[in-house]
There are 2 protein chains.
Amino acid sequence: MKIKRSERLIDMTHYLSEHPRELVSLTFFAERYSSAKSSISEDLVIVKETFENRGIGSLQTVPGAAGGVRFIPGIKKDQAEEALHILSDQVSKSDRLLPGGYLFMTDILGDIHLMNHVGKLFAGAFANEQIDLVMTVATKGIGIAHAAARYLGVPVVVARRDSKVTEGSTVSINYVSGSSKRIQTMVLSKRSVKQGARVLIVDDFMKAGGTAAGMKNLLEEFSATVAGVGIFIESEQDSEERLVEDYISLLKLRSVDEKGKTIQVETGNYFDRVSSFLKQ
Amino acid sequence: MKIKRSERLIDMTHYLSEHPRELVSLTFFAERYSSAKSSISEDLVIVKETFENRGIGSLQTVPGAAGGVRFIPGIKKDQAEEALHILSDQVSKSDRLLPGGYLFMTDILGDIHLMNHVGKLFAGAFANEQIDLVMTVATKGIGIAHAAARYLGVPVVVARRDSKVTEGSTVSINYVSGSSKRIQTMVLSKRSVKQGARVLIVDDFMKAGGTAAGMKNLLEEFSATVAGVGIFIESEQDSEERLVEDYISLLKLRSVDEKGKTIQVETGNYFDRVSSFLKQ
C-alpha cells in the first residue's frame, strides 16, 4: 500500500530524530513507505527545510549508491541563548544553597527537559566534529552524558571510582583533584573504548579541572583522542590554576553568597567557543 | 506568515516527541504556526493516525478550554517482540562472560539505541499509569532510568550508596541484599521525592530483589507510592526467595555456562504483565 506524503513526513521526522547522525539510505525509506525514490527525495527536501527553519538541525545528503541522508541535530543561536537562560535561571534559585556554600543540583541533572537542552547545546557545539562516544565519570554526569549521546547518536561510557567485578579487566589511574588536592582513582573497563576513538568528555561541574584532566589521562591509556570537553557549570577560577584549557562550558558560577542567599550564574564560554549555528 | 501543512506536521511531530505526556493546547500550536485552530485540529488527526499506524504512540485529546492534546508513547506487540529479541541477542553474546560467571553489560547500558528500546518498552508497559518520576540506584541503572523517563516525560531520581554533601539532607536505609546477604546502604536526598509521588522503580538486574525491595522501603519513608518496578534482566530464582513480587522484567537470564561459554537468555515476564499495546 502506498503511503500518503503526510504520513511519510511524520514518520520520517520521528525516525530521523531517533537516529541522529546515522546514514539512512533512500532505499530504506522507499521500501518503508512503498514509494518511489523520487517521492522520498521530495519529502526529504521538505523535512530539511523545516528542520533548518525550526532549528531542529540539518539534513546532510550523501550522493551515490552507498549514499543517503543524515540528520545532524543543531541549534540556532537564539535557541541556544534561550536554553542557557532557562538553565541559568534554574541554577541560580536561592533554595539550592546548602550549608558550606554547596549547591543542590540533583534535581536539575534528573530533569529530562533540562537535560534535553543540555544535550542539544553540546550536540550543536560539536555538530561538525567526528565523535565516537561520550565519556563521563560516575555519578552526577551520567544524565548529561546520556543526553549528549542521544543527540550525537553515539554510546556512553562511564568511568567509576571503584573497580567492580562486572567491569571485567579495567585500566585505572590515580589523579589529583585540582581543587581539593586529594588523590582520587578512576577506573574504566578495557572493553569500553576502542583505540583511536574520538571521545567527547562531559561532566556536571569543573573547578580546577582535575577530574576532566584525569579523564583525558585515562583516555591516553586507551590511545583514544579527546574530541572535546563539555562542562555544564564551571566555577570561577584563576586561569593559571586550570588543568584543562580547551573546554566548552554552558554556565559559569560567578559567586555564591551563603549569608545573603544569592547565587550568581552567567553564561559560560559557550558562545566564545562555538562558532557554527543553524541559520536564523 | 502562515505555515504550510507539511511544515506544521514535521514540527508538531518533533515537538510532541520531545514533550511526551505533556498537555499541549491547540492555541499553542495555532500561535506557533500562525494558523487557525481548525487547521491544527485537522493536522492532529493526521499525526494521531500516523503515530498509531507506525507504533509511535497515541494522541489523547482533552476537550474544553483547558484542553489540548497529549502524546503518550506506546509500542505495538510485534515491535515489543522485536525489541526484546534485539536485546536478548545482545545479552546472550558469549564474549560477555567474565570469570566467575559474571556478565559484562556496561556496553549495553551505554548504547543509546538499545536504551531507546528499553525506554519505549517500559513507557509502553506503563502507558496507562500515572507516573511522576523514575527512580533507580547508582550506577548501572541510570541509563535505563533516563531512557524510561524520557519517554514518560518525568524526572529521574538516583539513590546513592554513600551520602554526599551536595545532596543536602538525606534519608538513608540499610537493607540486606537478597542474594549476597550483605548489609548495604541506600541514600536519597530529602528534596528528591515529594509526598504522594507515584514512582516507577527501575534497575538493570534483579536476583532475589533485595535492591528493589530496598528502594520500595526507602520510598515508604517519603510517603511515596510505588507505581511499578521495571527490571532489565532478572535471573532465575526460586519464587519463594523473591523479595519483590510485582515487577515487569524485559529479559530473564536462564543459565550461564562458564565452561561451555554460553549464556541463555529469554524474554522475561513482560508479555504476562503488560496487557495493553497499540493496535496492530
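Scoring rules and cut-offs
Residues numbered from 1 in each chain as written. Chains lettered and ligands numbered in written order. Predicted model: local features only at pLDDT ≥ 70, side-chain atom pairs only at ≥ 80, totals over all residues. Heavy atoms only, no water. Helix = DSSP H or I, 4+ residues; strand = E, 2+ residues; numbered from the N terminus. Contact = heavy atoms within 4.5 Å. Areas by Shrake-Rupley, 256 points an atom, 1.4 Å probe, with all protein chains shown as cover. Pairing = 2+ DSSP bridges. Axes fitted to C-alpha atoms, helices over the stretch in contact; angles between N-to-C directions. Buried area = accessible area lost by both parts, 1.4 Å probe. Salt bridge = Lys/Arg side-chain N within 4 Å of Asp/Glu carboxyl O. Polar contact = N/O pair within 3.5 Å; in protein donor to acceptor, adjacent residues only side chain to side chain. Nonpolar A, V, L, I, M, F, W, Y, C, P; charged D, E, K, R; others polar. Least-squares fit on C-alpha atoms with pLDDT ≥ 70 in both. Expected span 1.5 Å × (residues − 1). Buried < 20%, exposed > 50% of the residue type's maximum accessible area, 1.4 Å probe, protein only. Arc of directions from axis to C-beta. Phe/Tyr/Trp six-rings, centres within 6.5 Å; stacked < 30°, edge-to-face > 60°. Lys NZ or Arg CZ within 6 Å of the ring centre and 35° of its normal. Left-handed = near helix turned anticlockwise from the far one by under 90°. UniProt positions renumbered as here; feature names shortened; annotations may be inferred.

Remarks on the overall build of chain A
Here is step 1 of the chain: When you go through chain A residue by residue, the secondary structure sums to nine helices and 13 strands.
Here is step 2 of the chain: Taken along its principal axes, the extent of the C-alpha atoms in chain A is 65 × 45 × 30 Å.
Here is step 3 of the chain: By sequence separation, contacts in chain A at least 24 residues apart represent 62% of the contacts at least 6 residues apart.
Here is step 4 of the chain: Total accessible area computed for chain A in this model is approximately 12,100 Å², and 46% of it derives from carbon and sulfur atoms.

Remarks on the sheet that holds strand 3 (residues 68-73) of chain A
Residue and element names in this part refer to chain A.
Here is step 1 of the chain: A sheet is described by the order of its strands in space; here three strands give the open sequence 1-3-2, paired in antiparallel fashion. In this open sheet, the two edge strands, each paired with only one partner strand, are strand 1 (23-24) and strand 2 (57-62).
Here is step 2 of the chain: In the packing of helix 3 (residues 37-53) onto the sheet, contacts are made with strand 2 and strand 3, and the angle to strand 2 comes to roughly 145°.

Side note on the interface of chain B and chain A
Here is step 1 of the chain: With 57 residues of chain B in contact, the opposing surface of chain A contributes 57 residues.
Here is step 2 of the chain: Interface area lost by chain B to chain A is led by I10, R54 and I112 of chain B, which between them contribute 14%.
Here is step 3 of the chain: Seen at the junction of chain B and chain A, the total is four salt bridges.
Here is step 4 of the chain: For E18 of chain A, the salt bridge is made with K120 of chain B, and the minimal N-O distance between the two is 2.8 Å.
Here is step 5 of the chain: The tally of links between chain B and chain A comes to 14 residue pairs in polar contact (both at pLDDT 80 or more).
Here is step 6 of the chain: When contributions to the side of chain B that touches chain A are tallied by element, the ones reaching two or more residues are helix 1 (5-18), helix 3 (37-53), strand 4 (97-98), strand 5 (102-103), helix 5 (106-109), helix 6 (112-125), helix 7 (142-152) and strand 7 (156-159) of chain B.
Here is step 7 of the chain: Counting residues per element, the side of chain B that touches chain A draws most heavily on helix 1 of chain B, at nine residues.
Here is step 8 of the chain: Tallied by class, residues from the side of chain B that touches chain A come to 25 nonpolar, 18 polar and 14 charged.

Details of the relation of the copies chain B and chain A
Here is step 1 of the chain: Placing chain B over chain A gives an RMSD of 0.0 Å and needs a rotation angle of 180°, together with 0.0 Å of translation along the axis. The transformation relating the two chain copies, once decomposed into turn and shift, fits a two-fold axis. For chain B, the residue whose C-alpha comes nearest the rotation axis is I10 of chain B, separated from it by 2.8 Å.

Structural notes on helix 4 (residues 77-91) of chain A
All names here are of chain A.
Here is step 1 of the chain: Its 15 residues give helix 4 an end-to-end C-alpha distance of 21 Å, which sits within 8% of 21 Å, the value for a rise of 1.5 Å per residue.
Here is step 2 of the chain: Every buried residue of helix 4 is listed here: A80, A83, L84, L87, S88 and V91. On an axial view of helix 4, the arc spanned by its buried residues comes to 130°, and they lie on one face.

A look at the packing of aromatic side chains
Here is step 1 of the chain: Summed over all chains, the structure comprises 16 aromatic pairs over all chains.
Here is step 2 of the chain: Their ring planes at 5° and their centres at 5.9 Å tell us that F29 of chain A and Y33 of chain A sit as a pair that is stacked. Accessibility assignment for this pair places F29 of chain A and Y33 of chain A in one class, buried.
Here is step 3 of the chain: Judged by centre distance (5.5 Å) and plane angle (90°), the ring pair of Y270 of chain B and F271 of chain B falls under edge-to-face.
Here is step 4 of the chain: Under the relative-accessibility criterion, F271 of chain B is labelled partly exposed at 23%.
Here is step 5 of the chain: Here a set of aromatic residues connected by ring pairs shows up, and it is made of Y15, F28, F29 and Y33 of chain A.
Here is step 6 of the chain: Seen from the ring of F104 of chain B, R191 of chain A lies directly overhead, with NZ or CZ sitting 4.7 Å from the centre.
Here is step 7 of the chain: For the cation-ring pair, R273 of chain A lies above Y247 of chain A, with the distance from its terminal atom to the ring centre recorded as 5.9 Å.

Concerning unusual backbone geometry
Here is step 1 of the chain: The peptide bond linking A138 of chain A to T139 of chain A adopts the cis configuration, its omega dihedral lying at 5°.
Here is step 2 of the chain: Along the chain, T139 of chain A falls in the loop between strand 6 (133-137) and helix 7 (142-152).
Here is step 3 of the chain: Its identity as a non-glycine residue notwithstanding, S223 of chain B has a phi of 50°, on the positive side.
Here is step 4 of the chain: As for its position among the elements, S223 of chain B is in the loop between helix 8 (210-221) and strand 11 (225-235).

Some points on the packing of helix 1 (residues 5-18) of chain A against helix 1 of chain B
Packed helices, taken two at a time, are described by the angle their axes make and the gap between the axes.
Here is step 1 of the chain: For the pair helix 1 of chain A and helix 1 of chain B, interaxial distance at closest approach is 9 Å and the crossing angle is 35°. In this structure, helix 1 of chain A meets helix 1 of chain B at a crossing whose hand is right-handed. Only S6, L9, I10, T13, H14 and S17 of chain B of helix 1 of chain B make contact with helix 1 of chain A, whose side of the interface consists of S6, L9, I10, T13, H14 and S17 of chain A.
Here is step 2 of the chain: Of the residues in the contact of helix 1 of chain A with helix 1 of chain B, the class split is four nonpolar, eight polar and no charged.

A word on the UniProt feature "domain: Bacterial purine repressor N-terminal" (unreviewed entry) in chain A
Here is step 1 of the chain: The residues that UniProt annotates with the feature "domain: Bacterial purine repressor N-terminal" (unreviewed entry) are residues 4-73 of chain A.
Here is step 2 of the chain: Segment residues 4-73 of chain A splits into 54% helix and 20% strand. End C-alpha atoms: 26 Å apart.

A word on the pairing of strand 11 (residues 225-235) of chain A
All names here are of chain A.
Here is step 1 of the chain: Of all 11 residues in strand 11, nine are buried; the element is thus mostly enclosed.
Here is step 2 of the chain: Judged from the eight bridges that link them, strand 10 (residues 198-206) and strand 11 form a sheet pairing that is parallel. Each residue of the ladder has a partner; that of V202, found in strand 11, is G230.
Here is step 3 of the chain: Both strand 11 and strand 12 (residues 248-257) contribute to a ladder of five bridges, which runs parallel. By the bridge assignment for strand 12, G230 is matched with I248.

Here we look at the pattern of salt bridges
Pairs may arise between side chains of opposite charge once their charged atoms sit close together.
Here is step 1 of the chain: Taken as a whole, this structure holds 32 salt bridges over all chains when the rule is applied.
Here is step 2 of the chain: Close ionic contact of D246 of chain B with R273 of chain B constitutes a salt bridge, the shortest N to O distance being 3.3 Å. You can see D246 of chain B sitting in the loop between strand 11 and strand 12 (248-257) and its partner R273 of chain B sitting in helix 9 (residues 270-273), a full 27 residues away along the chain.
Here is step 3 of the chain: Sharing partners across several salt bridges, the network here consists of R5, R8, E42 and D43 of chain A.

A few points about the environment of G100 of chain A
All names here are of chain A.
Here is step 1 of the chain: As for its position among the elements, G100 is in the loop between strand 4 (97-98) and strand 5 (102-103).
Here is step 2 of the chain: Residue G100 is classed as exposed on the basis of its relative accessible area of 55%.
Here is step 3 of the chain: For G100 and E258, which are 158 residues apart along the polypeptide, the C-alpha to C-alpha distance reads 7.5 Å.

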